[in-house]
Amino acid sequence: MKIIDFNKTISIPQKEVLEQKNYLQRFLNKIYDCDIVSEMTFPWMQAPYEMDDLFCRVFQALSQYRNADPKFARVNYKLRCDFVCESQKTIIEYDERQHFSEARAISLEAYRDIPLNYDRNLWIKACRDIKARDKDPVYRDEGRAFFDSTRDIQAYRNGYKLVRIMHGQIDFTKDYAYNELIKLLDL
């Protein structure tokens, strides 16, 4: 696994995402005895219709960033999870470059009271270094950040461990990848 030097700028490659995700899925099936489902949804994995204080904090923080159109927080929108091992109550999200925007850094700061199963400070640094931007629709960055935050919060509230893997964090085509993934999953 790459050791991240917080004094250096983090970058994420844009190539080979599909190949890396396929290798990752093979490893996950090996680790979890073929109990991996991709693109799974849950009834509770959605942006809430009525926002409690925690979701309001995230929404307000993102709304203030670039005076975002509030449409970015589509209520009752069902979210898919990249990989799920239901028997272990584990969700694995594979974050490509577009997930590392200033909006995501802002949303991550808004719920520091929720423990995460990935390095929040590393994700915030990557967001601030990469500054990914989508321009269509105008509020796409805020929407993606809100949905990523929703996954984190809803998984925590429903007793699931959510692990995020940064594209390029591990090269899943290499021999060492399996052992590094085991460490990342904290198994």
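This structure is a prediction, so every number in the text was calculated from the model and none was measured.

Moving on: the packing of helix 2 (residues 53-64) against helix 3 (residues 102-110). Where helix 2 meets helix 3, the closest approach of the two axes is 9 Å, and the angle between their N-to-C directions is 150 degrees. By the criterion of interaxial angle, the relationship of helix 2 to helix 3 is roughly antiparallel. Where helix 2 crosses over helix 3, the two elements pack in a sense that is right-handed. Contacts between helix 2 and helix 3 involve Leu-54, Arg-57, Val-58, Ala-61 and Leu-62 from the first element and Ala-103, Ile-106, Ser-107 and Ala-110 from the second.

Secondary-structure assignment places Ala-177 in helix 6 (residues 177-185). Its relative accessible area of 0% is what places Ala-177 among the buried residues. For the pair Ala-177 and Ser-11, spaced 166 residues apart in sequence, the C-alpha separation works out to 19 Å. With near-sequence residues (within four places) excluded, Ala-177 lies in contact with Phe-27, Ile-170, Asp-171 and Phe-172.

Thresholds, definitions, all that
- By convention here, each chain's residues receive numbers from 1 onward along its written sequence.
- Local features in this predicted model are restricted to residues whose pLDDT is 70 or higher, and side-chain atom pairs enter the listing and the counts only when it is 80 or higher, whereas totals over whole chains, interfaces and linings include all residues.
- Each side-chain value is worked out from all heavy atoms of the structure, with water and hydrogens disregarded.
- Geometry is summarised by axes, namely lines fitted to C-alpha atoms with helices restricted to the contacting stretch, and by angles between N-to-C directions that run from 0 to 180 degrees.
- Put simply, DSSP H or I for four residues or longer makes a helix, DSSP E for two residues or longer makes a strand, and each gets a number counted from the N terminus.
- When describing relative orientation, an angle under 35 degrees is termed roughly parallel and one over 145 degrees roughly antiparallel, while 65 to 115 degrees is termed roughly perpendicular and anything else oblique.
- Handedness of a crossing follows from how the near helix is turned relative to the far one, being left-handed for an anticlockwise turn of less than a right angle and right-handed for a clockwise one.
- Contacts were defined at the residue level, with two residues in contact if any of their heavy atoms lie within 4.5 Å.
- A simple rule labels every residue: compare its accessible area, found with a 1.4 Å probe on the protein chains alone, to the largest value its type can have, and call it buried under 20%, exposed over 50%, or partly exposed in between.

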